[in-house]
Structure formats: C-alpha cells, structure tokens
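# Chain and residue survey
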Amino acid sequence: MVNTGLLVLTSPVRAKKLLPVIKKHVLKTLYIQYFPERNIFISGTNLLSTQKWRGHCYAQTLANIYEFASSISSRLDVRVLLSNLKNSNISIIHTKRPVELVIFDEAHNKKEADTFIQDYLSNTSMGCNFITIDENGQDRSSSSTSENDDDNNGREMKNCDEKFYKNVILGGTFDRLHNGHKILLSEAILYCSERLTVGVTDENMLKSKILWELIEPCEQRIMALKDFLEDVDSSLNYNLVPISDIYGPTKDDPKLNLLVVSEETVRGGEKVNQLRRERNLSKLDIHVVKLMSDEQSDENEDPKISSSNERIRLLGTRLRQPNLKDKILRPYIIGLTGGIASGKSSIAEKLEKLGAGHVNCDKIAHDLYEPGKECYKLIVESFGTKILNSEQFIDRKALGNIVFNNKEQLYKLNKLVWPAILKEAKSQINSLHEKGVDIIVMEAAVLIQANWQNYCHEIWTCIIPEEEAVKRVMERNSLSEEEAKQRITVQPSNVQQINEANVVVSTLWSHEVTQKQVQKAWNELMNHLKKIPDS
C-alpha cells in the first residue's frame, strides 16, 4: 500500500466501481485526473486532448466523483485535479505530494504507462509504479467501454455555456475539509479565471454551531484550504481571509464578479447583493451548488455532508495521543473532567460497567466537608460559622454564595481543599490497584484548575453547550439563571477543557448516543494499550 496515488479516469461511471478497490492500494491521498476524451494513449500523439475543454461543464461529474468517494471511504483524501480540465494548454499534471502509484481505468501496456509517468507527471516518487484495475480488482484485458459510460460523457457537455469570471468569491467555516467543501471549492475554481477569494469564518461567527468548541482554529482552516486549492489548480491567485460577518470582502470589493453559495446559503447571497446595491457596487452573479447527502448520517446528524457531522463523529475518538513518557503504566489513570452538570458521573458509571475502577473526587470533597474532618476545621476557621447550618454541617449553598461571587475567596477555599482531595484520591487509586484494577477513572471537575493532568495518563473531557449547562444547573441545584451562570463562568471553558483533552465526549443526546461514544473511546484505549510495551 502507498500513501499517494493518481487515478487516470476516462469514465466517471467507473469511479464508483474503482474506488472500493483503490482504497486497498492507497492509504492517504488519491488524486484523480479526469480525461473526458477517450483513447488518450495514441502512439505518437499528445496524451492530452487538443480540444479546448470547458471546465465548469464537468462540475456535476466532479460532484458525482466526490459523492462516490464519501460513500466508500472517509479515510481517503480524494482530490480531483482541475487545471487540465479548465485549460487544455496545460499538459503537465502537478501535485503537491509525490505520486507513488498510477492507476489506470483502461488497459495499457508498460511502455504506455511509463511514457505517461515520465512525460506528464511533475512530481513522482522514486520507482513510481502503475496498475490497471477493474471494479473486481483484476487487470483489464481491454479498453472497451460500456454503453452507459459513453452516454454519461455525452450528457455532461449539453447546455453548457462558456462564461468565466475573473474574480470569484465564496465563504464558509471550512472546518476539517470534507468532500462537500471540495465540491463547493471545485465549482468556484472551474468558474474562475484569475482570482478566487475565500472568506473563512472566525470565532465570532462560530458559537451558534453545534460543538463549535471542536472547530479548528481559523489559521489552521486557512492553511488546509490553501493546501487543497493550490494542489487541485495552481494557476489561480488565491486570497484567503478571515471574516467576522456574512459579507466579508463582498461589502467593499468592486472587482468581484461571481458569488458561489450552497443551496442553504442562497438567502445570504441575496443579502450580499442588497448591501452592494446600497453601496453603489455592482451586483454579483450567484452560482448555487447543490448540497451533498450524507449516507452515513443518523437521526442526530444532518442529512447532508457537513462539518457538524464530522465533529459529532469526533466524540469518543482520540484527538491527540497521550504523553506517557517516564510514566508508570499501571494503574492506568483516566482523568475525567468537564464543566458543572456536563454528565461526568454518567460517563464514569458507563466506564465502570466496562471494567474501569472509579475514584470520584467530587464525592471525596463532599466527605471532607463532614464534621470531624481536618478540612472541615480549616474551612470553618477560614470562612466563619456563618457557613454552618443548625446541625453544624457546612451549608454548601451558603459557602457557594461566598466563593462564586469572589475569586479571592474561591482561591482560598481551593487552596485548602485541593491538596486533601488529591491525597485521598491517590489513596483510593492505590487501594483499587492492590485489588487488581488496572484502569482507573479519576473523576474531578477541578482537574484542569488544580493542575492534576500530570498525575493522569490521559484526559477525557465531557462537554455540553453553555445554555444546556445553565438549564441543568438551574433544575438540579434549584438556582436562578444568574446564579447558574456564575457557577459556570468561574470554571474553565469548554475550549480550555478540550485543549487539555485526549478524548472528548458529550451527554447532549440520548443515553444510547453517549454509550456509543464511551464504547468507541474504550475500544480505542484498549487498542492503544495493546501497542504499549510492558502494558
């Protein structure tokens, strides 16, 4: 298996049949060079067609190819090359990544294949090989085509105008670039002759999106876009800019000609033209790209391919590998944290059922508040008897009203309690390990604030949207909305928690959905531990 391959495609119908086979040969990136003209290997002639191709006439074909790819593999990064489709004078195929394997969808001999690799590929690895495969994974013995293949090539050229635009613009979040994005971007490229501007939403526009905290930083998204755009068509000038509103450069750039939108953002395009009219700017033509259905979506996801689906599917996966250097691997400690009312305890219960031990630092803290405990004495000495109820127990609500309204008081309380909690947690962990428990969950709401990450082998964070957290705290603790928000604002944000996490889960949906996340994370942990020496 190779990391990077190139599929030389003469019939788009074949892509659906070939991709399941190709993913067994190519691990990471698959470039596709589509040749609408048949019989590209004619001895003594240019391998590329001399006909002037009208690139955007093939937009639907490219969309079909990406849709085929999504239905077959989410692992493979498919990139349909566009420079040669737009301009028949470009004969060399450029790719950023060296091509290690060329796959042909028609039978060709070694001489023809070697000629193609030598003369028309600009970036190949040493010893670049080739294969010719059919939908059954077998070598093709002839280059005959089916009647359906021919019909498809004929249809894509009908009713196609030749209008190009010098300056094209589109915008979006473009989080974790997927095939739906690639269709949108590819159609914009096909209509563009000089400059393509892409507006990338910054953090101010993200907070209404589901699991927005998992969206990649704007700079990272721009870098991924730049890599893809320059890879599939290096002939254009790309202008990639962060945007903080729906208009971006459209509100003041007089040179723009075409705005590319998806079916769900057509109204946004209309608003753009309304603003441009108000500012005496020329109206933009609008090209609408159809949404791409997601065959893998369930009832909690969008029916279309979307970044939100990608983020939901990240829950329960390893976002980053734990740093286990110089750490004793037994017992293996999962630090489970998350904001107030995020559902940490329900996650811990599920992990217990899978075989993990459980040390609940919140319960430890509660027990340390009992009369007769050292912590009880220190807390009363620090905050006075006004925090005690008639039975001389610490009134946690009264204490909470003090510390959650004063950061200095909260710091004072934490300085008293945190060392005692960790000491007892370590004692309970050692006790569980002596009983033969090798994987232990240390549940701690304050894990990040108390800087206990280094005591754990990896961190699992449970998140829910802030509005859901407020609702749960109000119901659970009988607090007002303002009081609930005070509890939430003194803790690390979801973004801060995620930045420390190896695994993220969420209890926003049903018990069954949460269980699937936990099971996925547990399975990945088991596979991870198997690979560690002496584990």
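The structure this text deals with has already been given above.
Let us look at the structure shown here.

Lys 344, Ile 347, Ala 348, Lys 350 and Leu 351 are the residues of helix H10 (residues 344-353) that are buried. What you see down the axis of H10 is that its buried residues fit within an arc of 160°, all on one side. A positive phi of about 120° marks Gly 355, the residue just after H10.

What follows concerns the sheet that holds strand E15 (residues 503-506). Whether parallel or antiparallel, the strands of a sheet pair through hydrogen bonds between backbone atoms. Across the sheet, which stays open at both edges, the five strands sit in the order E12-E13-E11-E14-E15 with parallel pairing between neighbours. On the outer flanks of this sheet lie strand E12 (357-360) and E15, each paired with one strand and no other. Recorded for the sheet is a direction-independent mean angle of 25° between the axes of neighbouring strands. As paired elements, E12 and strand E13 (residues 439-443) share four bridges and run parallel to each other. Along E13, the bridge assignment pairs Val 359 with Met 442. Contacting E12 and E13, helix H11 (residues 361-368) runs over the sheet at an angle of about 45° to E12.

Attention now moves to helix H1 (residues 12-22). Buried residues of H1: Pro 12, Arg 14, Ala 15, Leu 18, Leu 19, Val 21 and Ile 22, and no others. End-on view of H1: buried residues confined to an arc of 155°, all on one side of the axis.

So, on to the packing of H11 against helix H14 (residues 407-434). At their nearest, the axes of H11 and H14 sit 9 Å apart, and the two run at 120° to each other. Classed by the angle they form, the pair H11 and H14 counts as oblique. The element H11 and its partner H14 pack so that their crossing is right-handed. For the pair H11 and H14, the contacting residues are Cys 361, Ile 364, Ala 365 and Leu 368 in the first and Ala 420, Ile 421, Glu 424, Ala 425 and Gln 428 in the second. Partitioning the contact of H11 with H14 into residue classes produces seven nonpolar, one polar and one charged.

Let's shift gears to the side chain of Glu 458. If you trace the backbone, Glu 458 turns up in strand E14 (residues 458-463). Residue classification places Glu 458 among the buried residues on the basis of a relative accessible area of 1%. A distance of 2.6 Å separates a polar atom in the side chain of Glu 458 from a polar atom in the side chain of Trp 460. Non-local contacts of Glu 458, meaning those with residues more than four positions away in its chain, are made with Arg 318, Pro 322, Tyr 332, Ile 333, Ile 334, Gly 335, Asn 502, Val 503 and Leu 525.

Glancing now at the sheet that holds strand E5 (residues 124-132). The strand order across the open sheet built from five strands is E3-E2-E1-E4-E5, with neighbouring strands paired in parallel fashion. Every other strand in the sheet has two partners, leaving strand E3 (77-80) and E5 as the edge strands with one partner each. Neighbouring strand axes in the sheet, compared pairwise and without regard to direction, differ in orientation by 20° on average. Sheet topology note: the strand E1 (residues 2-9)/strand E4 (residues 99-104) ladder contains four bridges and is parallel. Along E4, the bridge assignment pairs Leu 6 with Val 102. Packing against the sheet, helix H7 (residues 218-232) makes contact with strand E2 (26-34) and E3, and its axis sits at approximately 40° to E3.

Next up on the list: the packing of helix H15 (residues 466-477) against helix H16 (residues 481-489). Across the interface, H15 lies against H16 with an axial gap of 9 Å and an inter-helix angle of 120°. Judged by the angle between their axes, H15 and H16 are oblique. Between H15 and H16 lies a crossing of right-handed hand. Together, Glu 466, Ala 469, Val 470, Val 473 and Met 474 of H15 and Glu 481, Ala 484, Lys 485 and Ile 488 of H16 make up the contact between the two elements. Tallied by class, the residues present in the contact of H15 with H16 amount to six nonpolar, no polar and three charged.

Each aromatic ring pair is characterised by the separation of its centres together with the angle its planes make. Tallied over the full model, the rule gives six aromatic pairs. Ring centres 6.4 Å apart and planes at 75° place the aromatic pair Phe 35 and Phe 116 in the edge-to-face group. In this pair, Phe 35 is assigned in the loop between E2 and helix H2 (59-72) and Phe 116 in helix H4 (residues 110-120), connecting sequence segments 81 residues apart. Residue classification places Phe 116 among the buried positions, given a relative accessible area of 0%. Note on Tyr 165 and Tyr 191: the rings are 6.5 Å apart at their centroids and 50° apart in plane angle, and the pair reads as tilted. With Tyr 165 in strand E6 (residues 165-172) and Tyr 191 in helix H6 (residues 179-191), this pair connects stretches of sequence that are 26 residues apart.

The full count for this structure, using the stated rule, is 26 salt bridges. Here Arg 97 makes a salt bridge to Asp 227, at a shortest N to O gap of 3.0 Å. Of the two residues, Arg 97 is situated in the loop between helix H3 (83-86) and E4 and Asp 227 in helix H7; the sequence distance between them amounts to 130 residues. Judged by its relative accessible area of 19%, Asp 227 is buried. When the shortest N-O distance is used, the salt bridge between Asp 231 and Arg 97 registers 3.2 Å. Of this pair, Asp 231 sits in helix H7 while Arg 97 is found in the loop between H3 and E4, placing the two residues 134 residues apart along the sequence. On the basis of relative accessibility, which here comes to 24%, the residue Arg 97 falls in the partly exposed class. Through salt bridges with shared partners, one network takes in Asp 77, Arg 79, Lys 96, Arg 97, Lys 182, Lys 226, Asp 227, Glu 230 and Asp 231.

The rules behind the values
Here the residue numbers are simple positions, counted from 1 along each chain's written sequence. Per-residue local features of the predicted model are confined to residues with pLDDT of at least 70, and side-chain atom pairs are confined, for both listing and counting, to 80 or more; whole-chain, interface and lining totals are unaffected and use all residues. Think of the side-chain values as coming from all heavy atoms in the structure, minus any hydrogens and water. Here's how the labels work: a residue is buried when its accessible area is under 20% of the maximum for its type, exposed when over 50%, partly exposed in between, all with a 1.4 Å probe on protein chains only. A run of H or I in DSSP counts as a helix once it spans at least four residues, and a run of E counts as a strand once it spans at least two, with each numbered from the N terminus. Our arc is simply the arc of the directions from the helix axis toward the C-beta atoms. For two strands to count as paired, DSSP must find a minimum of two bridges between them. Lines are fitted to the C-alpha atoms to define the axes, a helix being fitted only along its stretch in contact, and any angle between axes, read from their N-to-C directions, falls within 0 to 180 degrees. Only heavy atoms enter the contact rule, under which two residues are in contact if any of them lie within 4.5 Å. With respect to orientation, any angle under 35 degrees is reported as roughly parallel, any angle over 145 as roughly antiparallel, any angle of 65 to 115 as roughly perpendicular, and every other angle as oblique. By convention, the crossing between two helices is left-handed when the near helix turns anticlockwise from the far helix through less than a right angle, and right-handed when the turn is clockwise. Note on residue classes: Ala, Val, Leu, Ile, Met, Phe, Trp, Tyr, Cys and Pro are nonpolar, Asp, Glu, Lys and Arg are charged, and everything else, Gly too, is polar. Any pair of N or O atoms that falls within 3.5 Å is considered a polar contact. Within protein, one atom must be able to donate a hydrogen and the other to accept it, and sequence-neighbouring residues count only if both atoms are side-chain atoms. Here a Phe, Tyr or Trp ring, Trp counted by its six-membered ring, pairs with any other such ring whose centre lies within 6.5 Å, and the pair is stacked when the planes are under 30 degrees apart, edge-to-face when over 60, and tilted otherwise. Take a side-chain nitrogen of Lys or Arg and a carboxyl oxygen of Asp or Glu: if they are within 4 Å of each other, that pair is a salt bridge.

Just distances and angles here, no functional claims.
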